[in-house]
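What follows is each chain in one-letter form.
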Amino acid sequence: QVRLEESGGGLVQAGASLRLSCAASGLTFSNYAMGWYRQSPGKEREFVARITGSGRSTHYSDSVDGRFTISRDNAKNTVYLQVDSLKPEDTAVYYCGADPRGPLIQATLTGYAYWGQGTQVTVSS
């Protein structure tokens, strides 16, 4: 059974940093591209970042303005999202997803086969 478990969210002030983690089990992790998405109340799930299965390529949403960094450790079956210079508009539930098309660097939300339950990030002004 595949499981993705996010952690690292919390309540922070604007300008702070967080490191989100997503631990995967039940799949051959390096075969999967991993993505981070976020969703605010009343809005659709929004792409944040993606990394290929090898970790060699990454892709980001323009909305994160270079403040976020995605990385992965295939030995630990974990993908990370370092989020810096947080803004109130970054407040959302952050989800990680696993896409079996490991080498593909860009994909839509529908390509992800598995999702975690999410971790809440709240940024106060």
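Numbers given for residues are sequential positions, taken from 1 along each chain in its written order. With the structure being a predicted model, the display of local features is reserved for residues of pLDDT at least 70 and the display and counting of side-chain atom pairs for 80 or more, all residues being used for whole-chain, interface and lining totals. With hydrogens and water set aside, each side-chain value is computed from the structure's full complement of heavy atoms.

**A few points about the overall build of the protein**
For helices the rule is a DSSP run of H or I covering at least 4 residues; for strands it is a run of E covering at least 2, with both sets numbered from the N terminus onward. When its secondary structure is counted, the protein shows zero helices and eleven strands. Sequence-ordered secondary structure for the protein, helices as α and strands as β, is β-β-β-β-β-β-β-β-β-β-β. A radius of gyration in this sense is built from C-alpha atoms; the matching globule rule multiplies 2.2 Å by the number of residues raised to 0.38. Here the protein has a C-alpha radius of gyration of 13 Å; the compact-globule value for 125 residues is 14 Å, and the two agree. For the protein, the C-alpha atoms occupy an extent of roughly 40 × 30 × 25 Å along the three principal directions.

**Focus on the pattern of salt bridges**
Think of a salt bridge as a Lys or Arg side-chain nitrogen and an Asp or Glu carboxyl oxygen that are within 4 Å of each other. Applying the stated rule across the entire model yields six salt bridges. Between Arg3 and Glu5 there is a salt bridge, and its shortest N-O distance comes to 3.4 Å. Among the salt bridges present, the one from Asp99 reaches Arg50, with a minimum N-O distance of 3.1 Å. A residue pair is termed long-range when its members are at least 10 positions apart, and Asp99 in strand β9 (residues 92-99) and Arg50 in strand β5 (residues 46-51) qualify at 49 residues. Take Asp99 and Arg50: they sit in the same class, and that class is buried. Ionic contacts of the salt-bridge type, sharing partners, join the residues Arg38, Glu46, Arg67 and Asp90 into one network. Note on classification: 1.4 Å probe, protein chains only; a residue is buried when its accessible area is under 20% of the maximum for its type, exposed when over 50%, partly exposed between these limits.

**Considerations on the environment of Thr122**
With respect to the helices and strands, the residue Thr122 is situated in strand β11 (residues 119-124). You can call Thr122 partly exposed: its relative accessible area is 28%. Any two residues whose heavy atoms approach within 4.5 Å at even a single point are treated as in contact. When sequence neighbours within four positions are dropped, the list of residues in contact with Thr122 reads Gly10, Leu11, Val12 and Thr91. Contacts described as polar in this section are N or O atom pairs within 3.5 Å, which, within protein, must combine one atom able to donate a hydrogen with one able to accept it, while residues neighboring in sequence count only if both atoms come from side chains. Side chain to side chain, Thr122 and Gln120 meet in a polar contact 3.2 Å long.

**Notes on the sheet that holds strand β7 (residues 68-73)**
Only strands joined by at least two bridges in the DSSP assignment are considered to pair. Ordered in space as β1-β3-β8-β7, the four strands form an open sheet in which the pairing is antiparallel. Looking at the sheet topology across the chains shown, the edges are occupied by β1 (3-7) and β7. Ignoring strand direction, the axes of neighbouring strands in this sheet form an average angle of 15°. Taken together, the six bridges between β7 and strand β8 (residues 78-83) define a ladder with antiparallel strand orientation. Paired with Ile70 across the bridge in β8 is Leu81. Every axis in this analysis is a line fitted to C-alpha atoms, fitted for helices over the stretch in contact. Angles between the N-to-C directions lie between 0 and 180 degrees.

**Side note on the pairing of strand β3 (residues 18-25)**
As defined by bridge partners, β1 adjoins β3 across five bridges and the pair is classed as antiparallel. Bridging from a neighbouring strand, Arg3 pairs with Ser25 of β3. For β3 and β8, the ladder comprises six bridges, and the chain directions are antiparallel. Across the sheet, residue Ser21 finds its bridge partner in β8, namely Tyr80.

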